[in-house]
Amino acid sequence: MDVVPVCHEVPTKPIVDMALRLTDAYLRQQQNLEEGVKIIGWYTANANTSTIETNDDDDDIGELPNSSACRIASSMAENINDSDGNGNANEDFVLLLVSTSRLATCVKEDVEDVVLPICKVFEKDKSRAFTLEVDDGRVITSANGDGGDDGIMVGRKILSEAMQQISEYSVDGGIFDFVDHLTECGQKGDWIENGFVKQFVLDSAR
Amino acid sequence: ITSRNPTTNQPTMMTTGPEEDLPTLIARQDHLNILRYIRAHKLREPRTVVTHGELLLGVISDDETKNDNDDDDDGPSVTIPRRQRGIGNAERLAALEQICVASLDLGNLPLAEACLDAIQAGTSSNSLVSKESSRYRKLLGMCLEASGDYDGASAVYDRLLQDNPSNGYASKRKYCILAAQPGKETEAMQALNDYLSKHSGDIAAWNKMAEACLATSDFQGAAYCYEEVILGCPLDSSIHAKLGEVYCTAGGMANAKLARKHLAQAVQLDPNNLRAWYGLIAAAEGYLEEVERLSGKGRKEAEEEGVEVAKELIKFGGEKLMQVYKGTDMMNIVERMLKQSSELL
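Residues numbered from 1 in each chain as written. Chains lettered and ligands numbered in written order. Predicted model: local features only at pLDDT ≥ 70, side-chain atom pairs only at ≥ 80, totals over all residues. Heavy atoms only, no water.

Draft legend 1. Just the overall build of chain A, in detail. Counting its regular elements, chain A contains six helices and four strands. Mapped from its N terminus to its C terminus, chain A presents α and β elements in the order α-β-α-β-α-β-β-α-α-α. By residue count, 36% of the 206 residues in chain A fall in the buried class. Approximately 11,800 Å² of chain A is accessible, and the part contributed by carbon and sulfur atoms is 51%. (Helix = DSSP H or I, 4+ residues; strand = E, 2+ residues; numbered from the N terminus. Buried < 20%, exposed > 50% of the residue type's maximum accessible area, 1.4 Å probe, protein only. Areas by Shrake-Rupley, 256 points an atom, 1.4 Å probe, with all protein chains shown as cover.)

What follows is the structure, given as structure tokens:
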């Protein structure tokens, strides 16, 4: 599975459309090398965050994806067909919310302070809005996956180092999205693959 | 210094400040003029300001409290000498104000508060700045905001507004306090609305309002705001592009036409605006979709000319994109995408 960053502001239709089509074209190009890959979701993060509110089980409650992200996810789910092309809207489309407050824990000095997982998964509810949180039992993350405790430690280490780098402005041309590519007049063409990030993750995991 | 805008050949505003450019001044470690330059050109360079400001004023900051008893851990302590050679009072105050704001930008609260105290304390000969000074109170308000004391900050701004109801700065900060708190989006927009009703010439505020409207999916509202911004910057390609994108997102025949118009204007103003080129293609396609949706042959025929124009724009945009991406890694996928696009025509 992979993620492609699109924008770091409220998305507009042209931006989403074009990013989608370019990513689609890229996937079809890769199709020759890999099994059928398809677009299954949209990820977002909220600009504002309060401190983590937790209930007794240490789950943070309440943070929902912002309304523009829900809107985008709804329209993408309607429009992206299954790869078998029979015109059915993609029922498995998901909206991933990156928790800004948990991401903030990754900037702390102590790797132990990093709270995983940093994402929550949402799917369509009865009213077709993307505000239904998928329960933890159906989601495999580094926190509950096969990696066990080691998986968690590696995940924390990677996130912590990534955030340190970004916050120290020492990442030159590190991670960039479609809008960065456009603003830089066609430079930063690597917004789909983000090779630097891939390498960083591999290096940090060692 | 007068200079001319290289694109439009219009004279730009007179800027006072040092003749040399910033890298030269930094190489020379000319702290005073570095700060002056940044002030004159209204740059946002908080790290540079703090580094050189501290050197200029001889600031001593203790990052580790080297106390023996650990209970007394107040965090880093900052000392600013009351007098410094080679710098007059007015300059010193201006520098302190500048460093205070820069340190807030970096989240360095101890330094900001030290600056605030130093401003208020004045020099050893006399205390020049009264606590009642509105400029001082502005800074005080910002420090309170940064420390999270929103009620305290609000009180400061309310008093400033009492003293002078047209104090735009105080109203703006009141909006910022609301905008900083999650869950208060509606109240924040209301506060911004109030500000705009009294200061309708503030382009930056219209821009902020447009973003707030976009965040709540109010596209017509966002379009209205960006139209106001365009009144202030009619030759700015990126604003026309943004407005075009908003109209395109809003949908509907009339908006599709406006989208096309503004994106065409954007690429005309700046042929290097890659975002505008993509937007132009998207807007033209959006317009064609709207025409498809029209019921009745008569209405479709009325749009015949528009359809021709839209198809030309898509072709034109496609050619430009291929030009831009020629020889790059992305060329193939852009070509694929454009082929898909032309199949839809």
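So much for the structure itself; the text now carries on.
Draft legend 2. Just the nonpolar core, in detail. A:Leu22, A:Trp42, A:Phe178, B:Tyr278 and B:Leu321 are the most contacted members of the largest nonpolar core, which totals 87 residues. Considering each element in turn, this core owes the most residues, twelve residues, to helix α14 (residues 274–293) of chain B. Those residues in contact with A:Phe178, other than ones at most four positions away along the chain, are A:Pro5, A:Val6, A:Ile15, A:Met18, A:Ala19, A:Leu22, A:Trp191 and B:Tyr278. Counting residues in hydrophobic clusters, the runner-up holds 38 residues, among them B:Leu22, B:Ile99, B:Cys100 and B:Leu104. (Core = buried A, V, L, I, M, F, W, Y, C linked by side-chain atoms within 4.5 Å. Contact = heavy atoms within 4.5 Å.)

Draft legend 3. Structural view of the sheet that holds strand β2 (residues 94–98) of chain A. Residue and element names in this part refer to chain A. An order of β1-β2-β3-β4 is seen for the four strands of this open sheet, with the pairing classed as mixed. The open sheet has two edge strands, β1 (41–45) and β4 (132–133), and neither has a second partner. Alignment of β1 against β2, held across five bridges, turns out to be parallel. Bridging from a neighbouring strand, Gly41 pairs with Val94 of β2. Of the strands in this sheet, β1 and β2 are in contact with helix α2 (residues 67–79), which crosses β1 at around 175°. (Pairing = 2+ DSSP bridges. Axes fitted to C-alpha atoms, helices over the stretch in contact; angles between N-to-C directions.)

Draft legend 4. Geometry of helix α7 (residues 150–163) of chain B. Residue and element names in this part refer to chain B. Over its 14 residues, α7 extends 20 Å from the first C-alpha to the last, a length consistent with the 20 Å expected when each residue adds 1.5 Å. For α7, every residue scored as buried is listed here: Gly152, Ala153, Ser154, Val156, Tyr157 and Leu160. Contact partners of the buried residues in α7: α6 (134–146) and α8 (168–179). (Expected span 1.5 Å × (residues − 1).)

Draft legend 5. How the structure looks around the pairing of β2(A). Pairing analysis gives four bridges linking β2(A) to strand β3 (residues 119–123) of chain A, with the strands arranged antiparallel. Counted as the bridge partner of A:Leu95 is A:Phe122 from β3(A).

Draft legend 6. Highlighting the packing of helix α13 (residues 253–269) of chain B against α14(B). All names here are of chain B. Where α13 contacts α14, the two axes come as close as 9 Å, and the packing angle between them is 155°. Classified by the angle between their axes, α13 and α14 sit roughly antiparallel to one another. Between α13 and α14 lies a crossing whose hand is left-handed. Of α14, the residues touching α13 (which contributes Met253, Ala256, Lys257, Ala259, Arg260, Leu263, Ala264, Ala266 and Val267) are Ala276, Trp277, Gly279, Leu280, Ala283, Ala284, Tyr287, Glu290 and Val291. Of the residues belonging to the contact of α13 with α14, the class tally is 14 nonpolar, one polar and three charged. (Parallel < 35°, antiparallel > 145°, perpendicular 65-115°, else oblique. Left-handed = near helix turned anticlockwise from the far one by under 90°. Nonpolar A, V, L, I, M, F, W, Y, C, P; charged D, E, K, R; others polar.)

Draft legend 7. Up close: the packing of aromatic side chains. Here the structure, examined in full by the defined rule, presents four aromatic pairs over all chains. Between the aromatic rings of A:Phe178 and A:Trp191, the centroid separation amounts to 4.6 Å while the plane-to-plane angle is 40°, which identifies the pairing as tilted. With A:Phe178 in helix α5 (residues 178–183) and A:Trp191 in the loop between α5 and α6 (195–205), the pair connects residues that are 13 residues apart, well separated along the chain. What makes A:Phe178 buried here is its relative accessible area of 0%. Note on A:Trp191: relative accessible area 0%, which makes it buried. Where A:Phe178 meets B:Tyr278, the ring centres are 5.6 Å apart and the plane angle is 75°; that geometry is what we call edge-to-face. One end of the pair, A:Phe178, is in helix α5; the other, B:Tyr278, is in helix α14, on a second chain. Feature note: the residues A:Phe178, A:Trp191 and B:Tyr278 constitute an aromatic cluster, connected by ring pairs. (Phe/Tyr/Trp six-rings, centres within 6.5 Å; stacked < 30°, edge-to-face > 60°.)

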